[in-house]
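Observations on chain architecture
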Amino acid sequence: MVAVGAGDRDREIQIIPQVATKSKAGAAVSSPGLPINEWACKVVAKQSTKYINAEQTLFSEVSFEIAYREDINTTAHVTCEGVVYDVVHIAEIGYREGLRLYCRSQGQGGKR
């Protein structure tokens, strides 16, 4: 994989990491951390429509290419243009040249 140049990252995304904490009862829970703003290159891989409870729901799979970071994992969520995506896989590009985040929308256009 070849990393795209900084000038090819044409849209701003917001990465929301999930932080592991404990509840008052001592159970492990996750809560949203501080949002991270990044410039990214977006590539749409696949879009599909499914019917759930007689309603049409749009799902899409996209990848975002961003600068290399060590603080992102697959529990994070990505928001781009009002759509929320779950990060399903992260691939390093080159030796710390960048990251490719493979994401899937959360349905209903991904809006929460």
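So, here is what we can say about the structure in this document. (Residues numbered from 1 in each chain as written. Predicted model: local features only at pLDDT ≥ 70, side-chain atom pairs only at ≥ 80, totals over all residues. Heavy atoms only, no water.)

Attention now goes to the overall build of the protein chain. On a plain count of helices and strands, the protein chain comes out with 0 helices and 8 strands. Ordered by position in the sequence, the α and β elements of the protein chain form the string β-β-β-β-β-β-β-β. Burial status across the protein chain gives 35% buried among its 112 residues. In the protein chain, once contacts between residues fewer than 6 apart in sequence are set aside, the share between residues at least 24 apart is 53%. (Helix = DSSP H or I, 4+ residues; strand = E, 2+ residues; numbered from the N terminus. Buried < 20%, exposed > 50% of the residue type's maximum accessible area, 1.4 Å probe, protein only. Contact = heavy atoms within 4.5 Å.)

Turning to the pattern of salt bridges, a few remarks are in order. With the rule as written, the count across this model stands at 8 salt bridges. Notably, a salt bridge pairs Glu-70 with Arg-96, separated by 3.4 Å at the nearest N-O pair. One end of the pair, Glu-70, is in the loop between strand 5 (55–66) and strand 6 (77–80); the other, Arg-96, is in the loop between strand 7 (83–93) and strand 8 (98–105), and 26 residues separate them in sequence. One network of salt bridges, in which partners are shared, links Asp-10, Arg-11, Lys-42 and Glu-81. (Salt bridge = Lys/Arg side-chain N within 4 Å of Asp/Glu carboxyl O.)

Looking now at the nonpolar core. Note that soluble globular proteins tend to have their nonpolar side chains buried in a common cluster. Grouped together as the largest cluster of nonpolar side chains are 17 residues, with contacts concentrated most on Ile-15, Phe-64 and Val-78. Counting only elements with at least two residues in this core, the list comes to strand 1 (11–16), strand 4 (36–52), strand 5, strand 6, strand 7 and strand 8. In contact with Ile-15, not counting residues within four places along its chain, are Leu-34, Pro-35, Ile-36, Glu-38, Ile-66, Ile-72, Ala-76, His-77, Val-78 and Leu-101. (Core = buried A, V, L, I, M, F, W, Y, C linked by side-chain atoms within 4.5 Å.)

Within the structure shown, the criterion is met by 1 aromatic pair. Seen in terms of ring centroids, Phe-64 and Tyr-85 are 5.6 Å apart; in terms of plane orientation they differ by 70 degrees. Their pairing is edge-to-face. Here Phe-64, found in strand 5, pairs with Tyr-85, found in strand 7; they are 21 residues apart in sequence, far enough to count as distant. Exposure class is identical for Phe-64 and Tyr-85. Each is buried. (Phe/Tyr/Trp six-rings, centres within 6.5 Å; stacked < 30°, edge-to-face > 60°.)

The quantities given are spatial measurements derived from coordinates; they are silent on function.
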